[in-house]
Every structure is written in C-alpha cells, then in structure tokens.
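Report on the structure
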Amino acid sequence: MSWQDYVDKQLIASRCVSKAAIAGHDGNVWAKSEGFDISKEEVGKIVAGFADESLLTSGGVTIAGTRYIYLSGTDRIIRAKLGKVGVHCMKTQQAVVISLYEEPIQPQQAASVVEKLGDYLINCGY
C-alpha cells in the first residue's frame with residue numbers, strides 16, 4: 001500500500017477524520033488528503049513538540065495556516081482543538097500521522113483510527 005493509500009483508505013475513508021497527512025520526522029510530507037496544505041515547517045514544529053511540550057503550550061499547534069489550541073499530549077500523541085475542529089497526531093518510529101476531525105465526529109473516534117494506523121506502522125518498522 002502506498003502512503004497515499006494509507007491516508008485515503010485508512011484515515012479519510014473511515015469518516016472519523018476529515019483531513020490527514022503522513023510525514024517524516026524531518027518534516028517532509030509523504031502523503032496528504034486533498035486540499036490539506038500542511039507545510040514542512042508546521043510538521044517540524046509538531047515533531048519537536050513531541051519532545052518539548054512547551055513549544056506547543058505557548059504557541060499552539062499550527063496546521064495548514066490555522067493555529068489550534070494545544071490540549072494535551074505525550075511523547076507519542078498530540079491533541080489540539082479550535083472551535084468545532086480537533087487535531088489528533090501520533091508519532092511513530094519514522095513518521096507522524098496528522099489528522100483533523102470536525103463535529104459531529106468525537107475525539108475518541110478520530111483517536112482510534114489514527115492510533116490504529118500508527119500502531120500498524122510501528123509494527124511494520126515505520
């Protein structure tokens with residue numbers, strides 16, 4: 001399966017995620033959903049935020065030019081929200097899965113889909 005297939009067939013097709021991207025820890029975007037214009041710099045800040053939460057608590061999480069309020073995170077998960085749109089990101093060994101979801105999708109639904117794919121990628125060495 002290509003990286004684009006993971007975005008289209010595993011994330012977007014679930015209907016629990018409205019936009020998604022998979023990128024490397026270096027910020028390069030490997031695949032993204034149509035119209036999701038996330039930049040290399042934005043991915044880089046997210047990746048850095050996994051190691052240093054203070055980067056996100058002070059500046060928020062910026063994705064495709066929109067700044068979301070950082071809610072919580074771990075060394076593998078980042079959660080953020082702005083109005084009716086939520087963010088759920090998961091870091092794997094070599095990649096980061098970035099997703100947006102919109103009401104009426106619940107945070108747990110998006111988390112389940114993103115983390116299931118993330119766990120699969122980890123098991124495959126990514």
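Residues numbered from 1 in each chain as written. Predicted model: local features only at pLDDT ≥ 70, side-chain atom pairs only at ≥ 80, totals over all residues. Heavy atoms only, no water.

With respect to the overall build of the protein chain
On a plain count of helices and strands, the protein chain comes out with four helices and seven strands. What you see in the protein chain, going N to C, is helices and strands ordered as α-β-β-α-α-β-β-β-β-β-α. A compact globule built from 126 residues would reach a C-alpha radius of gyration of about 14 Å, and the protein chain, at 13 Å, matches this within 12%. For the C-alpha atoms alone, the extent of the protein chain along its principal axes is close to 40 × 30 × 25 Å. Residues classed as buried in the protein chain amount to 42% of the 126 residues present. Nonlocal contacts in the protein chain, meaning residues at least 24 apart in sequence, comprise 46% of its contacts between residues at least 6 apart. Carbon and sulfur atoms make up 49% of the accessible area of the protein chain, which amounts to about 6300 Å² in all. Distance between charge centres in the protein chain, computed from 13 positive and 14 negative side chains, equals 3 Å. (Helix = DSSP H or I, 4+ residues; strand = E, 2+ residues; numbered from the N terminus. Rg over C-alpha atoms; globule rule 2.2 N^0.38 Å. Buried < 20%, exposed > 50% of the residue type's maximum accessible area, 1.4 Å probe, protein only. Contact = heavy atoms within 4.5 Å. Areas by Shrake-Rupley, 256 points an atom, 1.4 Å probe, with all protein chains shown as cover. Lys, Arg positive; Asp, Glu negative; His and termini not counted. Charge placed at Lys NZ, Arg CZ, Asp CG, Glu CD.)

Overview of the pairing of strand 5 (residues 77–82)
One ladder, built from four bridges, connects strand 4 (residues 66–73) with strand 5; its direction is antiparallel. Residue pairing in the sheet places Gly 73 in a bridge with Ile 78 of strand 5. The antiparallel pairing of strand 4 with strand 5 creates a hairpin that spans three residues between the two strands. (Pairing = 2+ DSSP bridges.)

Observations concerning unusual backbone geometry
With an omega of 15 degrees, the peptide bond running from Glu 103 to Pro 104 counts as cis. Backbone geometry at Arg 15 places phi at a positive 65 degrees, although glycine is not the residue there. Residue position: Arg 15 is located in the loop between helix 1 (3–11) and strand 1 (19–24). Of the residues examined, Arg 15 reaches a relative accessible area of 72% and is grouped as exposed. For Ala 64, which is not a glycine, the phi torsion comes out positive at approximately 55 degrees.

What to know about the side chain of Glu 42
Relative to the elements of secondary structure, Glu 42 occurs in helix 2 (residues 40–51). Of the polar contacts made by the side chain of Glu 42, one reaches the backbone nitrogen of Ser 39; its length is 3.0 Å. Not counting chain neighbours up to four residues away, the residues in contact with Glu 42 comprise Asp 37, Thr 62, Ile 63, Ala 64 and Gly 65. (Polar contact = N/O pair within 3.5 Å; in protein donor to acceptor, adjacent residues only side chain to side chain.)

Description of the environment of Arg 76
In this fold, Arg 76 is placed in the loop between strand 4 and strand 5. Distance from Arg 76 to Cys 89, taken between C-alpha atoms, is 8.0 Å for residues 13 residues apart in sequence.

A few points about the pattern of salt bridges
Taken as a whole, this structure holds two salt bridges when the rule is applied. A salt bridge links Lys 9 to Asp 5; the shortest N-O distance between them is 3.9 Å. Here the residue Lys 9 and the residue Asp 5 both occupy positions in helix 1, the gap between them amounting to four residues, near one helical turn. The class for Lys 9 is exposed, based on a relative accessible area of 54%. Among the ionic pairs, Asp 37 bridges to Lys 32, the shortest N-O distance being 3.6 Å. You can call Asp 37 exposed: its relative accessible area is 54%. (Salt bridge = Lys/Arg side-chain N within 4 Å of Asp/Glu carboxyl O.)

Focus: the pairing of strand 1
Walk down a regular strand and you will see the side chains alternate between the two sheet faces. Most of strand 1 sits inside the fold, with five of its six residues counted as buried. Here strand 1 runs beside strand 7 (residues 95–102); their pairing, made up of six bridges, is antiparallel. Its bridge partner being in strand 7, Ala 20 is matched across the sheet by Ser 99. Pairing between strand 1 and strand 2 (residues 29–32): three bridges, direction antiparallel. Bridging from a neighbouring strand, Ala 23 pairs with Val 29 of strand 2. Between strand 1 and the antiparallel strand that follows it, strand 2, lie four residues; Gly 27 among them carries a positive phi value of about 95 degrees.

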